[in-house]
Amino acid sequence: MSFHYFLTSYVMNISELFPEIPEDIKEVDLNQEARVYLQELWIISPEWIWREQNPLIHPIACEKFLRWVHKKHQTKFSYGGYWEDRSTLWHNTYLDTLWAYHHLGVDFNVPAGTHLISPVSWKVVISDHDSDHPTAPQMHGWWNRLIVDPLQGDYLIILAHLSENTRRRVGSIIEKWEILWTIGTETENGGWFEHFHIQAISRTKFDEILALWKLPELDGYAKTMDEATMSMYPNPMKLI
């Protein structure tokens, strides 16, 4: 099974990645939905003070919002977010100081405790937690994260917002069909709502980050999504 097969089949055949999740999963734009949701609640108005209120950054409120989204789209689970401008969804987080709202990965909005299976063999390159990097954001960051090498192609894969049982020895091999980890709760994933994040990064960019020891600066968001950024962080669902 090729890496390309994994990246295209985890939506078309969701049970191969999430054996506990049925395949009726739909793509949604959470930022667009957030704006509609907040307007309906009369939170967004011409007088809305952005810096003082955004209920969606609180996990419980965001889970309620997500249930509203899923009911609207008649689904129990959703995914999406690549290139999405999340300036409404995540305003009043550390992203404001970076002015970086464009999401570089794909999110699967599935509940904590959901098991994931590896449909390919991977080599563990990084297994860390934000607390390993003092300059990384301790709230609304990666928290438990794996960076894995599919051993072919020009890209590595970042897997984040995982549970505390994620830790793997660097250099170890995750075998095909192995149960990898579970999705973390809001207390395990940096204070976000419960979801799983997958992101691609080019080998060239990753090697540059390691050489300059800028791993704490590696993030899931960018200021702009131009051609150069997209070549470094392509949509993992469309890699060949």
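Everything below is about the structure printed above this text.
In this report, the structure presented in the accompanying data block is examined. (Residues numbered from 1 in each chain as written. Predicted model: local features only at pLDDT ≥ 70, side-chain atom pairs only at ≥ 80, totals over all residues. Heavy atoms only, no water.)

The helix and strand tally for the protein stands at six helices and 12 strands. For the protein, the residues scored as buried account for 56% of the 240 residues in total. Here the analysis covers contacts within the protein between residues at least 6 apart in sequence; of these, 74% occur between residues at least 24 apart. Carbon and sulfur atoms make up 56% of the accessible area of the protein, which totals about 11200 Å². (Helix = DSSP H or I, 4+ residues; strand = E, 2+ residues; numbered from the N terminus. Buried < 20%, exposed > 50% of the residue type's maximum accessible area, 1.4 Å probe, protein only. Contact = heavy atoms within 4.5 Å. Areas by Shrake-Rupley, 256 points an atom, 1.4 Å probe, with all protein chains shown as cover.)

Here we take up the pairing of strand β2 (residues 77–80). Judged by which residues are buried, β2 turns out to be covered on both faces: Phe77 and Tyr79 on one side and Ser78 and Gly80 on the other are all buried. Inspection of the sheet shows β2 paired to strand β4 (residues 106–109) by three bridges, in the antiparallel sense. In the strand pairing of β4, Tyr79 is matched with Phe108. (Pairing = 2+ DSSP bridges.)

This brings us to the packing of aromatic side chains. One pass over the structure, following the stated rule, counts 10 aromatic pairs. Measuring from ring centre to ring centre gives 5.5 Å for Phe18 and Phe108, while their planes differ by 55°; the resulting arrangement is tilted. Note that Phe18 is positioned in the loop between α1 (3–12) and β1 (25–27) and Phe108 in strand β4, a separation of 90 residues in sequence. Grouping residues by exposure puts Phe18 and Phe108 together as buried. Consider the rings of Tyr79 and Phe108, whose centres lie 5.9 Å apart with planes at 25°: the pair is stacked. You can see Tyr79 sitting in strand β2 and its partner Phe108 sitting in strand β4, a full 29 residues away along the chain. (Phe/Tyr/Trp six-rings, centres within 6.5 Å; stacked < 30°, edge-to-face > 60°.)

So, on to the environment of Asp149. Residue position: Asp149 is located in strand β7 (residues 145–149). Under the relative-accessibility criterion, Asp149 is labelled buried at 11%. Between the alpha carbons of Asp149 and Ile126 there is a distance of 9.4 Å; along the sequence they are 23 residues apart. In this structure the side chain of Asp149 is engaged in a polar contact, spanning 2.7 Å, whose partner is the side chain of Arg203. (Polar contact = N/O pair within 3.5 Å; in protein donor to acceptor, adjacent residues only side chain to side chain.)

A separate point is the sheet that holds strand β11 (residues 196–202). Across the sheet, which stays open at both edges, the eight strands sit in the order β1-β2-β4-β11-β8-β7-β6-β9 with mixed pairing between neighbours. Where the open sheet ends on each side, the last strands, each with one partner, are β1 and β9 (173–174). Alignment of strand β6 (residues 122–128) against β7, held across five bridges, turns out to be antiparallel. Its bridge partner being in β7, Lys123 is matched across the sheet by Asp149. Lying over the sheet, helix α5 (residues 203–211) contacts β6, β7, β8 (155–160) and β11, oriented at roughly 90° with respect to β11. (Axes fitted to C-alpha atoms, helices over the stretch in contact; angles between N-to-C directions.)

If you walk through the whole model with that rule in mind, you get eight salt bridges. Lys72 is the salt-bridge partner of Glu33, the closest N and O atoms lying 2.8 Å from each other. One end of the pair, Glu33, is in helix α2 (residues 30–40); the other, Lys72, is in helix α3 (residues 59–72), and 39 residues separate them in sequence. Here Glu208 makes a salt bridge to Lys205, at a shortest N to O gap of 3.5 Å. (Salt bridge = Lys/Arg side-chain N within 4 Å of Asp/Glu carboxyl O.)

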